[in-house]
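What follows is the residue order along each chain.
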Amino acid sequence: MVRSADFDPAVALPAGLDIPAIRRAIDYIERQLADFVELYYEQANVFSALVGLFGTRALDTHSNFERHRHRYTAQQRFPDLVRRGSSSSLDPNDCLESKASKRPYAMQSHFDHPGWYIVWRYLIDPTESIERGRPVIIWRVDVVFLHKSDWKYEGSKASEAGGGRTHTFGVKKPAQKLRGKAIYKRSDIVLHDGKPVPTNSQIQRRKQARVKTTGSGG
């Protein structure tokens, strides 16, 4: 369940994007991707791209942003969305890119364009222990404006032997850059060893037990 209390109204958003739109988008992504969980186990990178795509589709429906259909920039795939009514010569403030990641702070892109970015942080819960009927959970949503200088070139790890990925750009010091940018964060999910886990998980219970044992040892 997407709870109103898990949103932070103090986080800056681009004009045309608001909390109700993001809330509806989260619900849409979780519902639609429930049938695609097997893809995650086969091709995790493709699944992440699908999360971002469904995020774009949801905001096109529920916000004042629409899919960018300009034929000359379609090949670059930036931006995913533009503010409705914006001019053809886009200002970065009118651009919104939809990204997804299972990692808590990673941000990568094939380009280093300035503009607004929304990142859907998700986890896979095949047993639906967090929420019945939701094997895909959006546990945090970051919204941040990035300048060209915020990106660093990371090169290509592909080789003649095959494998690897094409060149990418990554955000410099992402944890620092994203501090205070979480418009949505589920209160029942915490980070443990760098991974999102439910607060009532066995790992969390063991951690709390260790704290109590240490505290009672005086």
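Not measured: the values here are computed from a predicted model.

Reading the values: the criteria
Residues numbered from 1 in each chain as written. Predicted model: local features only at pLDDT ≥ 70, side-chain atom pairs only at ≥ 80, totals over all residues. Heavy atoms only, no water. Helix = DSSP H or I, 4+ residues; strand = E, 2+ residues; numbered from the N terminus. Buried < 20%, exposed > 50% of the residue type's maximum accessible area, 1.4 Å probe, protein only. Contact = heavy atoms within 4.5 Å. Areas by Shrake-Rupley, 256 points an atom, 1.4 Å probe, with all protein chains shown as cover. Salt bridge = Lys/Arg side-chain N within 4 Å of Asp/Glu carboxyl O. Pairing = 2+ DSSP bridges. Axes fitted to C-alpha atoms, helices over the stretch in contact; angles between N-to-C directions.

Chemist: Just give me the short version of the overall build of the protein, but keep the residues and values in it.
Modeler: A tally of regular secondary structure across the protein gives five helices and eleven strands. Every one of the 218 residues in the protein was classed for burial, and the buried ones make up 42%. Residue pairs at least 24 apart in sequence account for 54% of intrachain contacts in the protein once pairs closer than 6 positions are excluded. Summed over its atoms, the accessible surface of the protein is roughly 12,200 Å², and 50% of this surface lies on carbon and sulfur atoms.

Chemist: Lay out the pattern of salt bridges in plain terms, naming residues and giving numbers.
Modeler: Close approach of charged atoms allows side chains with opposite charge to pair. This model, assessed by the stated rule, comprises 14 salt bridges. Arginine 134 is the partner of aspartate 27 in a salt bridge, and the nearest nitrogen-oxygen pair spans 2.9 Å. Of this pair, aspartate 27 sits in helix α1 (residues 19-33) while arginine 134 sits in the loop between β5 (115-124) and β6 (136-146); the two residues are 107 residues apart in sequence, bridging distant segments of the chain. With relative accessibility at 26%, the residue aspartate 27 sits in the partly exposed group. Among the residues examined, arginine 134 registers a relative accessible area of 13% and is labelled buried.

Chemist: With reference to specific residues and values, describe the sheet that holds β5.
Modeler: Strand order across the open sheet formed by six strands is β1-β2-β3-β5-β6-β9, with mixed pairing between neighbours. The strands lining the two open edges of the sheet, one partner per strand, are β1 (65-67) and β9 (182-185). For this sheet, the mean inter-axis angle between neighbouring strands, taken without regard to orientation, is 25°. When β1 meets strand β2 (residues 81-83), the two strands line up antiparallel, connected through three bridges. Bridged to arginine 67 within β2 is leucine 81. On the sheet, α1 packs against β5, β6 and β9 and is oriented at approximately 135° with respect to β6.

Chemist: Break down the sheet that holds strand β7 (residues 151-155) for me, with residues and values.
Modeler: The strand order β4-β8-β7 describes an open sheet built from three strands, whose pairing is antiparallel. The open sheet has two free edges, formed respectively by β4 (108-109) and β7, since each of these has just one partner strand. Judged from the two bridges that link them, β4 and strand β8 (residues 168-171) form a sheet pairing that is antiparallel. Counted as the bridge partner of serine 109 is phenylalanine 169 from β8.

Chemist: Go over the pairing of β8, please, and point to the residues and values.
Modeler: Side chains Thr168 and Gly170 of β8 all project onto a buried face; the interleaved residues Phe169 and Val171 project onto the opposite face, where all are buried too. Taken together, the four bridges between β7 and β8 define a ladder with antiparallel strand orientation. Considered in β8, the bridge of tyrosine 153 is made with phenylalanine 169.

Chemist: I'd like a rundown of the pairing of strand β11 (residues 195-198), residues and numbers included.
Modeler: Two faces make up the sheet, and in a regular strand the side chains alternate between them. Taken together, the four bridges between strand β10 (residues 189-192) and β11 define a ladder with antiparallel strand orientation. Within β11, the residue paired with leucine 191 across the bridge is proline 196.

Chemist: Pulling in residues and values, what's your account of the environment of leucine 178?
Modeler: When you line up the elements, leucine 178 lands in the loop between α4 (174-177) and β9. Residue leucine 178 is classed as buried on the basis of its relative accessible area of 5%. Counting along the chain gives 71 residues from leucine 178 to methionine 107, while the straight-line C-alpha distance between them is 9.7 Å.

Geometry only, nothing functional implied.
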